[in-house]
Amino acid sequence: MQNYDDYSKRVEELNSLLEKRDGTNLSKLLRRTNPVDIEEFISTLSAEDALIVFRLLKKEDAIEVFAELGPDDKDKIKKGLNDTEFHSLLDQLDFDDMIDTLEEMPASVVQKILRNTDTEKRKKVNQYLKFPEDSAASLMTPEFVELKITMSVSEALRTIKRIGNNKVTVYTCYVTDSTKKLLGYVSLRNLVTSDGDTSISTLLYEDVITVRTDDDQEDVARTFQKYGFTVLPVVDKEDRLVGIITVDDIMWIIEKEATEDFQIMAATTPEEEEYSKMSVWDLAKNRIPWLMFLMISSAFTSTILKSYEAVIQSIIALNMFIPMLTDSGGNAGSQTSTLVIRAMATKDIELSDWAKVVWKECRIGMVCGLFLSVVGFFKCYLFDKVGVEIALMVSVTLFFIVVSAKVVGSLLPIIAKRLGADPAIMASPLITTIVDSLGLIVYFNIAQMFMDVAPI
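Now for a look at the structure at hand. (Residues numbered from 1 in each chain as written. Predicted model: local features only at pLDDT ≥ 70, side-chain atom pairs only at ≥ 80, totals over all residues. Heavy atoms only, no water.)

**A word on the pairing of strand β1 (residues 144–148)**
- Counting buried positions along β1 gives four out of five residues, so the element sits mostly inside the fold.
- In this sheet, strand β2 (residues 169–176) lies alongside β1 in parallel orientation, the contact comprising four bridges. Its bridge partner lying in β2, K148 is registered against T176.
- Between the parallel elements β1 and β2, the chain passes through helix α11 (residues 153–163) in a crossover that is right-handed. (Buried < 20%, exposed > 50% of the residue type's maximum accessible area, 1.4 Å probe, protein only. Helix = DSSP H or I, 4+ residues; strand = E, 2+ residues; numbered from the N terminus. Pairing = 2+ DSSP bridges. Right-handed = clockwise from strand over helix to strand, strands pointing away.)

Structure representation (structure tokens):
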């Protein structure tokens, strides 16, 4: 078994042989290295060294490694290959990997490649390139085993033997009629354990889960997660089978969507490239707009403080508790918004559940607020040495701030979703800004109420 330490030692050995330009031993070591590790190794190399390593790979490994490389690393390899070598490499990629590669390339280069492609393949490539980037169709491959409902088991097995080597998977075979309408599927296990003259219609699983070409990739990912499938068929509006999506193609979508949501929740524009490969300027320009927006939004805090200036001057001690109150409210709102956003992403809650969610968070806020207000009272009275009236005022304020923060934190992501925006924008930074303003309004209004009831 290979662990991380083994991989680190392997990388050191590969680097050593590469520096010595020991092609013979480097080639031998590459043959004993997992293609995934080779891809990771190549991504750390210069263009020259990456090309040397790539040319030393076995044909099968070279194809697998190239398919896994990122756009920049693919470009390093491409620049070192002549047109004939690159076209040959593209032809040997799985169809979906070839489409992914073409999508990353300039239009002029793609047109040049397509001019040297046979008519049937060019037509299919053009069809796939036209699908929306975030659709299920952009993930699918046409490399699946398609059987006809009229076949016997013997005919089906002969078909699989004839075309199986060029397909992504042969374990699940899809059955269609003369119009390519999907009727169901049969498993390879059932085929090889059945009599040869048996009709595959008797082995057919008709209850097949499908996705449509225009389905969003996030919905496709959720379907994979819900049913635990390794492959899903893709059909068009007429239920005709047009491709399949395999689990390895959806795994990076799950990671990509999770990363995008995390970036939005951190108040930064989603970044397509990896952090380590982006320049300081690229990272900064994705953050500046949000920081500017939050800075301007926080100006409401100054406006609120100014409007309650008379109250603050009457009770100078109010100032010392503002950070504690706003931080408590911001933290309470962030907790709720994060959990609600996650629950919405996993379809645990729907838009129609908004009333139940708000009511639930309101009750949670009451429980949390009660505990915090009690602790806050003794903290103010015993440690901050203020009077009972001010300690009570702060603790009452703390209760209402936590409750209101929980309600706001649950409601805003749902409102964002209802308006067609990404709920993730209502995460920590924005929620904190909104709750800070709300908390100050609650604080000073309660202070005025206490002043009216009794002099403080």
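**Notes on a nonpolar patch on the surface**
- On the surface, V367, L370, F371, V374, F378, Y381, L382, F383 and V388 cluster together into a nonpolar patch covering about 930 Å² of accessible area.
- For the nonpolar patch, the element with the most residues is helix α19 (residues 354–383), which contributes eight residues.
- Take L382: it is sitting in helix α19.
- Residue L382 is classed as partly exposed on the basis of its relative accessible area of 44%. (Patch = residues over 30% accessible without salt bridge, like charges linked within 9 Å, V, L, I, M, F, W, Y side chains within 5 Å. Areas by Shrake-Rupley, 256 points an atom, 1.4 Å probe, with all protein chains shown as cover. Salt bridge = Lys/Arg side-chain N within 4 Å of Asp/Glu carboxyl O.)

**Some thoughts on the nonpolar core**
- Core analysis: the biggest nonpolar cluster contains 52 residues, and V53, F54, F66, L102 and I245 have the highest contact counts within it.
- Ignoring sequence-local partners within four residues, the contact set of V53 consists of L18, L30, I38, F41, I42 and L45.
- L318, L398, A447 and F450 belong to the second largest nonpolar core, which has 20 residues in total. (Core = buried A, V, L, I, M, F, W, Y, C linked by side-chain atoms within 4.5 Å. Contact = heavy atoms within 4.5 Å.)

**Focus on the pattern of salt bridges**
- Per the counting criterion, the structure on display carries 13 salt bridges.
- Taking the shortest distance from any N to any O, the salt bridge between K356 and D353 comes out at 3.6 Å.
- In this structure, K379 engages D384 in a salt bridge whose closest nitrogen and oxygen atoms are separated by 3.0 Å.
- The class for K379 is partly exposed, based on a relative accessible area of 33%.
- Among the charged side chains, a salt-bridge network with shared partners connects R21, E48 and D49.

**Things to note about the sheet that holds strand β5 (residues 231–235)**
- Strand order in the open sheet formed by three strands is β4-β5-β6, and the pairing between neighbours is mixed. Every other strand in the sheet has two partners, leaving β4 (211–212) and β6 (241–246) as the edge strands with one partner each.
- Relative to β5, β4 runs parallel, the two being bridged by two bridges. Pairing of V211 across the sheet is with V234, part of β5.

**Topic: the sheet that holds β2**
- Read from one edge to the other, the open sheet built from three strands follows the order β1-β2-β3, with strand pairing classed as mixed. The outermost strands of the open sheet, each flanked by one partner alone, are β1 and β3 (182–187). The sheet shows a mean angle of 35° between the axes of neighbouring strands, taken without regard to direction.
- Two strands pair when backbone bridges link them, and β2 and β3 are joined in this way by five bridges, in the antiparallel orientation. (Axes fitted to C-alpha atoms, helices over the stretch in contact; angles between N-to-C directions.)

**Brief notes about the packing of α19 against helix α20 (residues 388–418)**
- With their axes 7 Å apart at the nearest point, α19 and α20 run at an angle of 155° to one another. With respect to each other, α19 and α20 are oriented roughly antiparallel. Between α19 and α20 lies a crossing whose hand is right-handed.
- Residue composition of the contact of α19 with α20, grouped by class: 23 nonpolar, six polar and two charged. (Parallel < 35°, antiparallel > 145°, perpendicular 65-115°, else oblique. Left-handed = near helix turned anticlockwise from the far one by under 90°. Nonpolar A, V, L, I, M, F, W, Y, C, P; charged D, E, K, R; others polar.)

Shape is all these values report; function is a separate question.
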